[in-house]
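Structure assessment
Below are the chains, spelled out letter by letter.
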Amino acid sequence: KTDHVDVLMVHNIVPSEDLAALESGAYAVLHRCKEEGMARFIGFSSMDSAEMSRDAIGRLDFDVALLAMNPTGYGGFVTETLPAAREKNMGVLAMKVMRDIVGGETTPDELIRWALSRDGVSSALIGHHGMATLEENIRITTEIGAGVAAASMLPDEQAQIEARLAHMAGPHALCWA
């Protein structure tokens, strides 16, 4: 009994993407769905090309982007794509915030706070492996929302975690990379 979806997205813009083909193909369909009221917002996801994502933002009228962003700096989405999205006042959702990163060098709390501290990031999509992980993530986000835990990191804190985790930026550490 659904008459529309909130967000309709193209999955995974890649480095070899032909923006002209995207514009006349999938983007045209998404745009029509939005105009006809089938979708409130349209967007795309990307974990493979910050540069192509930046170019898509500049060329097409998307509302939201789901981007791979974490403190390792992998992919350059924070430096390449996020500024372009902010300039167009797009909604940005961070993904791959914790995958393959949580462990001895960092905590879920630190990674969630890092993602939510990025200027222009509206929310973060966080995967859960089992009930214990889900319950921990609920506790963390509830504490952040209630002001019990700091919702954001200062720039110095962000730089420290980025420096600490930079060695993980790549397929040797991130299975999805």
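Check the entry above for the structure.
What counts, and at which threshold
- Residues numbered from 1 in each chain as written.
- Predicted model: local features only at pLDDT ≥ 70, side-chain atom pairs only at ≥ 80, totals over all residues.
- Heavy atoms only, no water.
- Helix = DSSP H or I, 4+ residues; strand = E, 2+ residues; numbered from the N terminus.
- Contact = heavy atoms within 4.5 Å.
- Phe/Tyr/Trp six-rings, centres within 6.5 Å; stacked < 30°, edge-to-face > 60°.
- Core = buried A, V, L, I, M, F, W, Y, C linked by side-chain atoms within 4.5 Å.
- Buried < 20%, exposed > 50% of the residue type's maximum accessible area, 1.4 Å probe, protein only.
- Salt bridge = Lys/Arg side-chain N within 4 Å of Asp/Glu carboxyl O.

Along the chain, the position of Ala68 falls in strand S3 (residues 64-68). With 14 residues separating them along the chain, Ala68 and Arg54 place their C-alpha atoms 13 Å apart. Discounting chain neighbours no more than four positions away, the residues touching Ala68 are Ser46, Met47, Tyr74, Phe77, Met95, Lys96 and Trp176.

All told, the structure shown has three aromatic pairs when counted by the stated rule. Pairing Tyr74 with Trp176 gives two aromatic rings, centres 5.3 Å apart and planes at 85°, and the pair type is edge-to-face. With Tyr74 in the loop between S3 and helix H4 (77-87) and Trp176 in the segment after helix H7 (155-165), this pair connects stretches of sequence that are 102 residues apart.

Judged by nonpolar contacts, the single largest core of 48 residues is most densely connected at Phe44, Phe62 and Met69. Contact partners of Met69, with chain neighbours within four places excluded, come to Phe77, Val78, Leu82, Val92, Ala94, Met95, Lys96, Val97, Trp114 and Val121.

Time to look at the side chain of Ser53. Here Ser53 lies in helix H3 (residues 50-59). Of the residues examined, Ser53 reaches a relative accessible area of 0% and is grouped as buried.

A few words on unusual backbone geometry. In this structure, Asn12 is a non-glycine residue whose phi angle is positive, near 55°. As for its position among the elements, Asn12 is in the loop between strand S1 (5-10) and helix H1 (19-24). Take Asn12: its relative accessible area is 15%, and that puts it in the buried class. Phi at Asn89 takes a positive value of approximately 60°, unusual for a residue other than glycine.

As a further point, take the pattern of salt bridges. Tallied over the full model, the rule gives twelve salt bridges. For Arg59, the salt bridge is made with Glu23, and the minimal N-O distance between the two is 3.0 Å. With a gap of 36 residues between them, Arg59 in helix H3 and Glu23 in helix H1 connect regions that are remote in the sequence. Residue Arg59 is classed as partly exposed on the basis of its relative accessible area, which comes to 44%. Among the ionic pairs, Arg54 bridges to Glu80, the shortest N-O distance being 2.3 Å. On the criterion of sequence distance, the pair formed by Arg54 in helix H3 and Glu80 in helix H4 is long-range, its members being 26 residues apart. Under the relative-accessibility criterion, Glu80 is labelled partly exposed at 27%. A cluster of three or more residues bridged by salt bridges with shared partners is formed by Arg54, Asp55 and Glu80.

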